[in-house]
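# Breakdown of the fold
The primary structure of each chain is shown beneath.
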Amino acid sequence: MAPAVRVRFTVHVEELHEHCDDTYRRAVAIIGSAPQLGAWSNPGVRMRETSDGVWQVDVELPIGEEVTFKYIQLRKDFPVTWETIPGGRTVVPRASANGVCEAPRATYGRLPDDHPKRRGGTSMWVDSHLLTPEQGAEIRIHIGSYSKRPGVQIERESRPLSLRMRFVAHGHCEAVSATGGHVKARLERWMSRRDDVDRVREDEAHGHVPYTPGDVVVFKTHADIARLRAHRTHGALLIDVLAHTDGHHTGEALEHIGQSIVTMDTFVRSDARTGAEFISRGSFALPILRVGDVLTAPTPIGHLYCEFVVVTPFKHPASTLERTWRRYWTKRGPLDIGHRGKGRSFADVEGQRRAIIKENTIVSFTTAGLAGAEYVELDVMLTKDRVPIIYHDFHIAVEADLQTGFHSEPVAVAVDQLTLEQLKELRTGHVHAKKHADGDDTPPVEGGAAGGSGGAAARPPKKRLRKLIKKHRRAISRMASVRGLSAASGIKKRETGFGALFAAIPTLKEVLTGVPYWLGINIEIKYPHEPDAEGMGYLPQYEMNAYLDTILKVVFEHANTRRIIFSCFHPDVCIALLLKQARFPVMFLTCGGIPAYYNDVRCNSMEHAFVFALREHLQGIVINSDVWFQGQKDGDEPPTEERTRAYIKTVKDNHLLLFSWGNPNSHPDKVELQREWGLDGVICDNVGDIVKARGKKQSQFYDDLHDASSVDELLAWKEQNGHSKRSRMSSDSEAAVSATGRLVLAGALLVGALTAAALAWRRR
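Remember, it's a predicted structure, so these values are computed and weren't measured experimentally. (Residues numbered from 1 in each chain as written. Predicted model: local features only at pLDDT ≥ 70, side-chain atom pairs only at ≥ 80, totals over all residues. Heavy atoms only, no water.)

### Topic: helix α8 (residues 544-558)
Over its 15 residues, α8 extends 22 Å from the first C-alpha to the last, a length consistent with the 21 Å expected when each residue adds 1.5 Å. For α8, the set of buried residues is M544, N545, A546, Y547, L548, D549, I551, L552, V554, V555 and F556. Measuring from the side-chain oxygen of the N-cap residue of α8 to the backbone nitrogen of N545 gives 3.2 Å; that N-cap residue is E543. At the exit of α8 stands N560, carrying a positive phi of roughly 55°. (Helix = DSSP H or I, 4+ residues; strand = E, 2+ residues; numbered from the N terminus. Expected span 1.5 Å × (residues − 1). Buried < 20%, exposed > 50% of the residue type's maximum accessible area, 1.4 Å probe, protein only. Polar contact = N/O pair within 3.5 Å; in protein donor to acceptor, adjacent residues only side chain to side chain.)

Put into structure tokens, the structure is as follows:
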């Protein structure tokens, strides 16, 4: 055992974070890789305040062994903020004459001016908002609706109102919840004009909060899960309605006129299929009962409409504060992002050339990266047996034989009603597939036995391309790593790994382990939110916490140090993704009002999307570029370029990322205009044509392979994946991909050549 020395850590905390309120005494702690520092487990080692804003602690550490650490702020024993300095802080304990080794004195969340990782003018590296198992569940109750349904309606009451929420158990009411969390309230007031961003109000309160029609009042509390179960039958939340007797909201004279009761049983449920303990989303309407003498029969005076969200913590050994990259974004110019890989293969609109390579496949993702994309965007959902797969629509066309005749017709079946094996075995097609240009009017095969004629490989969309692939199939199938991919993919022996490359429904695990390491992945979580599918979100298989935890488990087990971004159209899913993990950025997908498609006001304008992302501390917005080139279709004037630039500046000034998606992104001139405006990324279908028009040679991330720091990171990644560690990579291609990734790379190069040949043949 190595000799130890006392290491003294000193940090200056310039200001208390806004979430460390006066309810609990503030605290600063140190957390790190050494067991003496908690091995990245909360709450680490608490520090003591020696003077105003200066915190210090001595820890015995082995001499000569490098220790990585970071400072965090605590409320009770829960991390409120933490440092996100790239690579963390490090110290190598050395023997000292006085027996104390001084670690470099630091300022919380800040780097020295000359530090190479200091970002553009700012040196603050701090993040917040993580739900830990010690905190339990977070319960949010929205009084009012984001669909503009009134939250409070009381007959013959014209005085201004305020609302308050308390916890009651065994006859005792308390503002600080007996379930372990402090009740906080937030007022959200959504303006009708889209350019009044600065007028959208947000007020935090610990007592009552004013309410006017059209407001959404958000009550939020953390609930210890064990206590929540204990109070399931005899615990409740009281929502009090208060009237201002002096006629205005600023007055202190209040009359308690009514209350509603929400039992804790509303949120608790056990589901054997998903393992869920709580109902993650729902709504309810409650009567408001007059407050009077206890002997008087309760009299309803109105009603209360509420929506609620319950977020439970994600538990995984890899989900710690060791890697917290959500706020780490290196400025390198706008990124090119391939939509579903190389682009949509079942539709072509506004100049977008329909991709020959099947969308959302490993080959499509890899060829997009080789064409110059930094990221690929893909869609993730769960099968019936809870396996995350890559597919865009909630329904898939399954070939069904007719009772009369020898023909079959496609029947739409919900993806969540089919297991992974069924998706691989059945002859399926895309629900939006159009008739093939070469006269083949059958739906293109997504996966399965292809009518029993062999293999789960997707049928190429062009007969000529099929012949070319068949010609070279045997040579690639002889590669040993191809057989390895077959085993890893769970494909039957009669099928080949070559077929797995083209399988149109790969699993998320296959993609994370199969595409080149340097290629970033934008994971769009497919969760029912559209008006025609919104009811699906309340089915057991879409229980939000179990749904997201299943996807996160695969990501944390196989992503390693890959660049990943989460995004979703559903606001509640974005909130949950942020609270469940601190590693990967979360961005809000929005149509921006083209058209006003969703019932949720947060989803139907680019201004409201900005306010929502800023309010919930998301990392950015992914907006429909139609907003800038067509205008919002809800009565507003189309945005001018001046207004667009002002909006983008507002987003960037608030340190949010901004991506765009949409049909205009198939035009190189419109993509270049958005790059000029300062967007961080553009998601486009024909990404190969876009980057070729600009003369771009390769992905910016591929260039990272030449950096020593990136090579060191790759070595660590290879070691985690069972590869031997060497001083340097023998070649860039070896550094870029794992063994399976090299197979995909070779296959993708072949497909690229075949695609070029097919295009030349088509032009004849």
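### So, the packing of helix α10 (residues 606-615) against helix α12 (residues 641-653)
One way to put it is that α10 packs onto α12 with a least axis distance of 11 Å and a crossing angle of 5°. In terms of axis orientation, α10 runs roughly parallel to α12. Judged by residue contacts, M606, E607 and F610 of α10 engage R643, Y647, T650 and V651 from α12. Looking at the contact of α10 with α12 residue by residue, the classes come out as four nonpolar, one polar and two charged. (Axes fitted to C-alpha atoms, helices over the stretch in contact; angles between N-to-C directions. Parallel < 35°, antiparallel > 145°, perpendicular 65-115°, else oblique. Contact = heavy atoms within 4.5 Å. Nonpolar A, V, L, I, M, F, W, Y, C, P; charged D, E, K, R; others polar.)

### Some thoughts on the nonpolar core
Ranked by size, the top nonpolar core spans 98 residues in total, and within it I523, I525 and F566 carry the most contacts. At eight residues, the largest contribution of residues to this core is made by α8. Beyond its immediate chain neighbours, meaning those up to four positions away, I523 contacts L378, V380, L508, V555, I564, I565, F566 and S567. Counting 38 residues, the second-largest nonpolar core is a separate cluster that includes V209, I257, L286 and V310. (Core = buried A, V, L, I, M, F, W, Y, C linked by side-chain atoms within 4.5 Å.)

### Here we look at the packing of α12 against helix α13 (residues 668-677)
Contact pair α12 / α13: the axes reach a minimum separation of 10 Å and the direction vectors enclose 50°. Considered as vectors, α12 and α13 are oriented oblique to each other. From α12, E641, T644, R645 and I648 reach across to α13, where they touch L673, E676 and W677. Residues that form the contact of α12 with α13 fall into these classes: three nonpolar, one polar and three charged.

### Here's the deal with helix α2 (residues 362-371)
Most of α2 sits inside the fold, with eight of its 10 residues counted as buried. Among all positions of α2, only I362, V363, S364, F365, T366, T367, A368 and G369 are buried. Remark: G372 follows α2 within two positions and exhibits a positive phi of approximately 130°.

### What about the pattern of salt bridges?
A complete count under the given rule lists 32 salt bridges for this structure. The residue D336 makes a salt bridge to R694 at a minimum N-O spacing of 2.9 Å. Taken together, the residues D336 in strand β24 (residues 335-339) and R694 in helix α14 (residues 687-694) connect sequence positions 358 residues apart. By relative accessible area, which is 1% here, D336 ends up buried. For R694, a relative accessible area of 26% puts it in the partly exposed group. Between R675 and E672 there is a salt bridge, with its nearest N and O atoms 3.9 Å apart. Residue R675 and its partner E672 are located together in helix α13, separated by three residues, close to a single helical turn. Residue classification places R675 among the partly exposed residues on the basis of a relative accessible area of 21%. Beyond isolated ion pairs, a larger network of salt bridges with shared partners links D336, E374, E672, R675, R694 and K696. (Salt bridge = Lys/Arg side-chain N within 4 Å of Asp/Glu carboxyl O.)

### Concerning the packing of aromatic side chains
A complete count under the given rule lists 17 aromatic pairs for this structure. With a centroid separation of 5.1 Å and an interplanar angle of 85°, the aromatic rings of F267 and F308 are classed as edge-to-face. You can see F267 sitting in the loop between β21 (254-263) and β22 (281-290) and its partner F308 sitting in strand β23 (residues 300-311), a full 41 residues away along the chain. The pair F267 / F308 is uniform in exposure class, with both members buried. Seen in terms of ring centroids, F566 and F584 are 6.0 Å apart; in terms of plane orientation they differ by 75°. Their pairing is edge-to-face. Of this pair, F566 sits in strand β31 (residues 564-568) while F584 is found in the loop between α9 (571-580) and β32 (586-590), placing the two residues 18 residues apart along the sequence. (Phe/Tyr/Trp six-rings, centres within 6.5 Å; stacked < 30°, edge-to-face > 60°.)

These figures capture arrangement, not role.
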